[in-house]
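# Examining the three-dimensional arrangement
Each chain, letter by letter, is given below.
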Amino acid sequence: MSWGSKWYQGPKSVQRRIIILLVSIFIPLIIILYTAYHFSERTMVHKVAEINRIKVEQTASRVKDLFQRTFMSTNNFIYDKAFIQALQEKDSMSIEKNSTYLQAIERLQYTFFLNEKYAVVIQDNYGNMFESNPSRLGIRKGELQAGILKTIHWEGYDFFNSYQWGMLKPEGGSEPLIVLSRWIFSPVTANKRGIVSMVIPLSNLKEILNQDNGSYAIWDDKNNLIFSTEAEQPRREETTSDSKILLPPTPWSMMQTDSTAVIQNELRYFQLTVMATILIILVIFITTSTFVMKTISQVFNQIRLLSKRLVNPSLDLSVAVHSDQHLAELSELLQQLIHNLQISRDNLEWAATEKRNLEMQILQEQMNPHFLLNSLNTIRFLAEQSSQDKIGSLVLSLSYLLKQQLYRNEGYWTLEEEKEYLLKYIEIQRARFGENIIVKIDFSKELTPMPILRMLLQPLVENSFEHGFNGRANGCILIQADRWGSGVRFVVSDDGVGFAASPQLTARKSIGLSNVRERLRLHYGEQSVLEITVRQPSGTIISLTIPDLKGEVV
């Protein structure tokens, strides 16, 4: 009767439940993944937009600063009495007049345009024009005057609207120039005395916009494009009024033309990743469902055949149970299984009890340092309320040291963290041994981010305090760290009484130094060296050499 083994697929209700179970897992997983995608997309767009807004504001601020410095430089002419007096001199060949012009122009270099390229064109009421040297702008003398007269027109301008900005594009492929023309009038009578035109290269503006690595365009008040970082000329009507940033004191405005291009590219890759993930989950779901259903069918088929074999031992269903001996063996196995389950349950209950006891013990051990830290913070609070700032600072340093020892389990940290730890420790030791003991820390800046064993230097500093200044009220300790080949060399030196004069060292052989030597051997190998040298006439030098730094900061 092999038909049973071939055609029986197990209870339909079990199959339906398995399918419902898998579907109930798969569908929520897809929904969660899809929701996470949209939430991440909105978050990314919002964050990128916020960062982009700040970046644009910073760029606009630098552009405004450039225009503001240009505008403020023309104030020097307005408030220069000698310059205004020279404008009233009709003789254009007057040496004194031209000398006054040159002095006023040269002063700009030391106020607003130090070492920057610029040029100035001055025109008085008599039609005379004076032009500073424009060669550093790449144009010939006389060409700048003609360009300004052609570009700047004063129709409709008056005392209250006495300046205008423009662009000058010299012939011959020279770099475009930004021009600010402004009436010069007497501060007392407000009468027009002349016109000053300030010229700076457009490259100053380009440099600011290119530093942002974004796409920007600047338009004037007549919707003429001044400058764009893109090769293709943007259209102003494509941008919204919200994105327009005014650039006072000019009437120009700046807009960003690619505010969403970067995030759209990133989101496209993100979307493809999510779709690929959903497809992989779907394939895994179908494969798992097929495998589970096939396995369940086989198991139920074997159970069905075995049940029939137990009910009717003479029934041959091609099952692996051929005699009563197998049934007895199966029974013994079931009894052994029940016995093992009972033992396992007892062991589990015992383990659960032990686990609860261990958890209580761990919690109790955690409460002790936690209580100690809270107590220290309370003492610091009371000390600060009583204006005992020194006590409060010492308690704060002690709390910091305890936190580093109790709650940090990693073996390495940076040399910068080692320095911070030493500063807190030194504050406590100076309170104990006296504020006249000077401690200097000199670490090379390139070494501060490198990994080092935690609290490696503290025992060396402790020995300097304990054995060098026990009984002394003043002295100096110097802690240095310098590059030593591919590794580093630490030196802790002091001018104390020295180890030889310290009875404590003879009595207990410096537990701290022994600990440092053992840690060096375990972590850095036998090539690391710890040396102690006696200074003359007094003091001790402890040098610690690590030929090759290793370790990872968590």
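Please refer to the structure higher up on the page.
Keep in mind it's a predicted model, so treat the numbers as computed, not measured. (Residues numbered from 1 in each chain as written. Predicted model: local features only at pLDDT ≥ 70, side-chain atom pairs only at ≥ 80, totals over all residues. Heavy atoms only, no water.)

### Quick notes on the overall build of the protein chain
Counting its regular elements, the protein chain contains 13 helices and 16 strands. Relative to its full complement of 554 residues, the protein chain shows a buried share of 37%. Long-range pairs, those at least 24 residues apart, make up 64% of the contacts in the protein chain with a sequence separation of at least 6. With the model as given, the accessible surface of the protein chain reaches about 33200 Å², and the carbon-plus-sulfur share is 57%. (Helix = DSSP H or I, 4+ residues; strand = E, 2+ residues; numbered from the N terminus. Buried < 20%, exposed > 50% of the residue type's maximum accessible area, 1.4 Å probe, protein only. Contact = heavy atoms within 4.5 Å. Areas by Shrake-Rupley, 256 points an atom, 1.4 Å probe, with all protein chains shown as cover.)

### Structural notes on empty space enclosed by the protein
Here the structure, examined in full by the defined rule, presents one cavity of 30 Å³ or more. The volume enclosed by the largest cavity comes to roughly 30 Å³. When contributions to the lining of the largest cavity are tallied by element, the ones reaching two or more residues are β12 (451-453) and β14 (487-494). Partitioned by chemical class, the residues of the lining of the largest cavity number eight nonpolar, no polar and no charged. (1 Å grid on protein atoms, 1.4 Å probe; cavity = no way out; pocket = protein on both sides within 12 Å on 5 of 7 lines; lining within 4 Å. Points joined across faces, edges and corners; volume = space filled by probe spheres on them. Nonpolar A, V, L, I, M, F, W, Y, C, P; charged D, E, K, R; others polar.)

### What about the pattern of salt bridges?
Within this structure, the stated rule accounts for seven salt bridges. Note that Arg107 is salt-bridged to Asp80, the shortest N-O span being 2.2 Å. Placement of Arg107 in helix α4 (residues 95-107) and of Asp80 in the loop between α2 (12-78) and α3 (81-87) is noted, with a sequence separation of 27 residues between them. A salt bridge links Arg140 to Glu143, with the nearest nitrogen and oxygen atoms 3.8 Å apart. (Salt bridge = Lys/Arg side-chain N within 4 Å of Asp/Glu carboxyl O.)

### A short note on the sheet that holds strand β6 (residues 216-219)
With antiparallel pairing, the four strands of this open sheet are ordered in space as β7-β6-β9-β8. The sheet is open, and its two edges are formed by β7 (225-228) and β8 (245-246), each paired on a single side. Pairing between β8 and strand β9 (residues 253-256): two bridges, direction antiparallel. Within the sheet, the bridge partner assigned to Ile245 lies in β9 and is Met254. (Pairing = 2+ DSSP bridges.)

### Thoughts on the pairing of strand β13 (residues 475-484)
In summary, the side chains of a regular strand alternate between the two faces of the sheet. Sheet analysis places strand β11 (residues 437-443) next to β13, joined by seven bridges and oriented parallel. What sits directly across from Ile437, in β13, is Gly475. Taken together, the eight bridges between β13 and β14 define a ladder with antiparallel strand orientation. Bridged to Ile479 within β14 is Val492. Adjacent in sequence and paired antiparallel, β13 and β14 are bridged by two residues, among which Gly485 carries a positive phi angle near 65°.

### Digging into the packing of aromatic side chains
Under the definition given, this model contains 10 aromatic pairs. Ring centres of Tyr101 and Phe130 lie 5.3 Å apart, and the angle between their planes is 55°; this geometry places the pair in the tilted category. Here the residue Tyr101 occupies a position in helix α4, and Phe130 occupies one in strand β2 (residues 129-131), the gap between them amounting to 29 residues. Exposure class is identical for Tyr101 and Phe130. Each is buried. Feature note: the residues Phe77, Phe83, Tyr101 and Phe130 constitute an aromatic cluster, connected by ring pairs. Sitting over the ring of Trp413, Arg454 keeps its end group 5.0 Å from the ring centre. (Phe/Tyr/Trp six-rings, centres within 6.5 Å; stacked < 30°, edge-to-face > 60°. Lys NZ or Arg CZ within 6 Å of the ring centre and 35° of its normal.)

### Examining a nonpolar patch on the surface
On the surface, a nonpolar cluster with roughly 340 Å² of combined accessible area is contributed by Leu279, Leu282, Val283 and Ile286. Along the chain, Leu282 falls in helix α7 (residues 261-311). (Patch = residues over 30% accessible without salt bridge, like charges linked within 9 Å, V, L, I, M, F, W, Y side chains within 5 Å.)

### A word on the packing of helix α10 (residues 415-433) against helix α11 (residues 458-468)
In the contact formed by α10 and α11, the axes pass within 10 Å of each other and the chain directions differ by 15°. Overall, the two elements α10 and α11 adopt an arrangement that is roughly parallel. As α10 runs across α11, the sense of the crossing is right-handed. In this structure, α10 uses Glu418, Tyr421, Leu422, Tyr425, Ile426, Gln429, Arg430, Arg432 and Phe433 to contact α11, whose residues at the interface are Gln458, Val461, Glu462, Phe465 and Glu466. Residue classes in the contact of α10 with α11 are distributed as seven nonpolar, two polar and five charged. (Axes fitted to C-alpha atoms, helices over the stretch in contact; angles between N-to-C directions. Parallel < 35°, antiparallel > 145°, perpendicular 65-115°, else oblique. Left-handed = near helix turned anticlockwise from the far one by under 90°.)

### A closer look at the side chain of Thr74
Among the secondary structure elements, Thr74 is positioned in helix α2. Note on Thr74: relative accessible area 0%, which makes it buried. Side chain to side chain, Thr74 and Arg182 meet in a polar contact 2.7 Å long. Once residues lying within four places of it in the same chain are set aside, the contact partners of Thr74 are Leu180, Arg182, Ile184 and Met198. (Polar contact = N/O pair within 3.5 Å; in protein donor to acceptor, adjacent residues only side chain to side chain.)

### Points about the sheet that holds strand β15 (residues 529-534)
Taken in spatial order, the five strands line up as β11-β13-β14-β16-β15 in an open sheet, and their pairing is mixed. On the outer flanks of this sheet lie β11 and β15, each paired with one strand and no other. The sheet shows a mean angle of 10° between the axes of neighbouring strands, taken without regard to direction. Strand direction decides the pairing type here: β15 and strand β16 (residues 540-546), joined by six bridges, are antiparallel. Counterpart to Val534 in the pairing with β16 is Thr540. Along the sheet face, α10 touches β11, β13 and β14 and points at about 175° away from the line of β11. Helix-sheet contacts for α11 involve β11, β13, β14, β15 and β16, and the interaxial angle to β14 is about 15°.

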